[in-house]
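# Topology and contacts: notes
As a plain string of letters, each chain reads:
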Amino acid sequence: VLQNNDFLRNTVHRHEPPVTAQPIQILVEDDEVVVVDKPSSLPVHPCGRFRHNTVIFILGKEHDLKELHTIHRLDRMTSGVLMFAKTAEVSKRIDEQVRERQLEKEYVCRVVGEFPENEVVCEEPILVVSYKVGVCRVDPKGKSCKTIFQRLSYNGKTSVVKCLPRTGRTHQIRVHLQYLGHPIVNDPIYNMEAWGPARGKGGKIDKTDEELLKALVEEHRSKQSLDILGISEEDLNSGAENKDCGNSSDCTKSARADPINESSCPAEDTEDPERDAKDPERNDVAACPPNSDSDLETLEKNKELGSCENQDGQTGEKSSEEKDPLCAECKITRRDPSPKELVMFLHALRYKGAEFEYCSKMPAWAMEDWEE
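Analysis parameters
- Residues numbered from 1 in each chain as written.
- Predicted model: local features only at pLDDT ≥ 70, side-chain atom pairs only at ≥ 80, totals over all residues.
- Heavy atoms only, no water.
- Helix = DSSP H or I, 4+ residues; strand = E, 2+ residues; numbered from the N terminus.
- Buried < 20%, exposed > 50% of the residue type's maximum accessible area, 1.4 Å probe, protein only.
- Contact = heavy atoms within 4.5 Å.
- Areas by Shrake-Rupley, 256 points an atom, 1.4 Å probe, with all protein chains shown as cover.
- UniProt positions renumbered as here; feature names shortened; annotations may be inferred.
- Phe/Tyr/Trp six-rings, centres within 6.5 Å; stacked < 30°, edge-to-face > 60°.
- Core = buried A, V, L, I, M, F, W, Y, C linked by side-chain atoms within 4.5 Å.
- Pairing = 2+ DSSP bridges.

What follows covers the overall build of the protein. The number of helices and strands found in the protein is nine helices and 12 strands. A buried classification covers 51% of the 372 residues belonging to the protein. In the protein, the share of contacts with a sequence separation of at least 24, taken over all contacts with a separation of at least 6, comes to 67%. Total accessible area on the protein stands at roughly 18200 Å², and carbon and sulfur atoms take up 47% of it.

So, in structure tokens, the structure goes:
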């Protein structure tokens, strides 16, 4: 029983999943915004098991860019143009454009097979299967959405496709491409055998949501690639306990909804004001990123309290004295993923508003003469 003036301290350390060592390129920086070219595998802001290996933290630590406001998000495995506002006023102004659908976004991706030459419009509604793992599918009960696709090139095996999302649903581009039978070549979720022989083409899955999630996790577990999903064995073994959840009612709800209850990054793709409004946990993280000087110092001190993360973004061999005998993850030795496992061929190429337009270079894998 705690008495008055008793002091309770719970010391933990976290194992951050590995991310690419590719640097974050700053495209534009002025008094109002910072625009970067985000590498694949990096989450935008701290969430789930990620803290140091995030765009917000790296910009703070390596470029001294503090107190940035998140305007929009990209899925962790998606690379490309990402905007941050330097002040609340700028953030509010651009946010109004987002809500009024005044922003245009252009993506490029490399997909399986020969994509049709003519323009393809997909308007299939999308339903979130699991926020925790970040899995969606086409379903009549889902939210309405629209994506326009245009083939840019075909090399005999794969096609480069330009994507213009007219709405901002979770994983919209990836799910629509899967539905059309042309999933992204190296998509670690929507181009997996777990979806069945047709890999989800035409929305045919022949599995319940629970069976699908279990099959996806088992496929990654067999390939020792759970980290690519941003989850760990410890997360999977935690059962109904959701340690990262701040709201007990939310925890109960998600524990019932998701057969797999890991504290992963929620699915992030293009902006969706309606979804953000309904998901307070996402907004809390985005609105209050722990990127102030004091927070950074506090997290740096975690190492003294037994943290065994490597802050360069790479997992290395840990010496025996750094291993915690009570930590399930410390006991597991996992291979480092190869650089190509940390890249997905989906890139946000252009972001255009009423008074601005930002564009990145075309990625190497999107060139017409590129070969695997």
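Moving on, we get to helix 3 (residues 172-179). For helix 3, the tally of buried residues reaches seven of eight residues, placing the bulk of the element in the interior. Buried residues of helix 3: Gln172, Ile173, Arg174, Val175, His176, Leu177 and Gln178, and no others. Remark: Gly181 follows helix 3 within two positions and exhibits a positive phi of approximately 85°.

UniProt tags Asp75 as "active site" (unreviewed entry). Looking at where Asp75 falls in the secondary structure, it is placed in the loop between strand 3 (69-70) and strand 4 (79-85).

Glancing now at the packing of aromatic side chains. Remark: the centre distance and the inter-plane angle together describe each pair of aromatic rings, the angle taken between the planes. This model, assessed by the stated rule, comprises six aromatic pairs. Ring centres 5.6 Å apart and planes at 35° place the aromatic pair Tyr190 and Trp195 in the tilted group. On the basis of relative accessible area, Tyr190 is assigned to the buried category, the value being 0%. Considering the side-chain rings of Phe345 and Trp365, the 5.0 Å spacing of their centres and the 25° angle between planes classify their relative orientation as stacked. Taken together, the residues Phe345 in the loop between helix 9 (293-301) and strand 11 (346-352) and Trp365 in the segment after strand 12 (357-359) connect sequence positions 20 residues apart. Pair check on accessibility: Phe345 and Trp365 agree, each one buried. Taken together, the ring pairs connect Phe345, Trp365 and Trp370 into an aromatic cluster.

Moving on, we get to the nonpolar core. Counting residues in hydrophobic clusters, the biggest one holds 40 residues, and the most contacted among them are Phe84 and Phe149. Secondary structure elements with two or more residues in this core: strand 2 (33-38), helix 1 (55-63), strand 4, strand 5 (104-112), strand 6 (120-122), strand 10 (158-165), helix 3 and strand 11. Broken down by element, the residue count for this core peaks at five residues, all from helix 1. Contact partners of Phe84, with chain neighbours within four places excluded, come to Glu32, Val33, Val34, Val36, Val44, Val55, Ile56, Leu59, Leu68, His69, Thr70 and Ile71. Counting residues in each nonpolar core, the second largest holds 21 residues, with Val135, Tyr190, Trp195 and Ile231 among its members.

Topologically, Glu371 is positioned in the segment after strand 12. Of the residues examined, Glu371 reaches a relative accessible area of 66% and is grouped as exposed. With 213 residues separating them in the primary sequence, Glu371 and Thr158 have C-alpha atoms 9.4 Å apart.

This part covers the pairing of strand 5. Burial within strand 5 is extensive, with seven of its nine residues counted as buried. Pairing of strand 5 with strand 11 involves six bridges; the strand directions are antiparallel. Bridge pairing links Lys105 to Tyr351 in strand 11. In the sheet, strand 5 pairs with strand 10 via six bridges, with the strands oriented antiparallel. By the bridge assignment, Arg110 is partnered in strand 10 with Val160.

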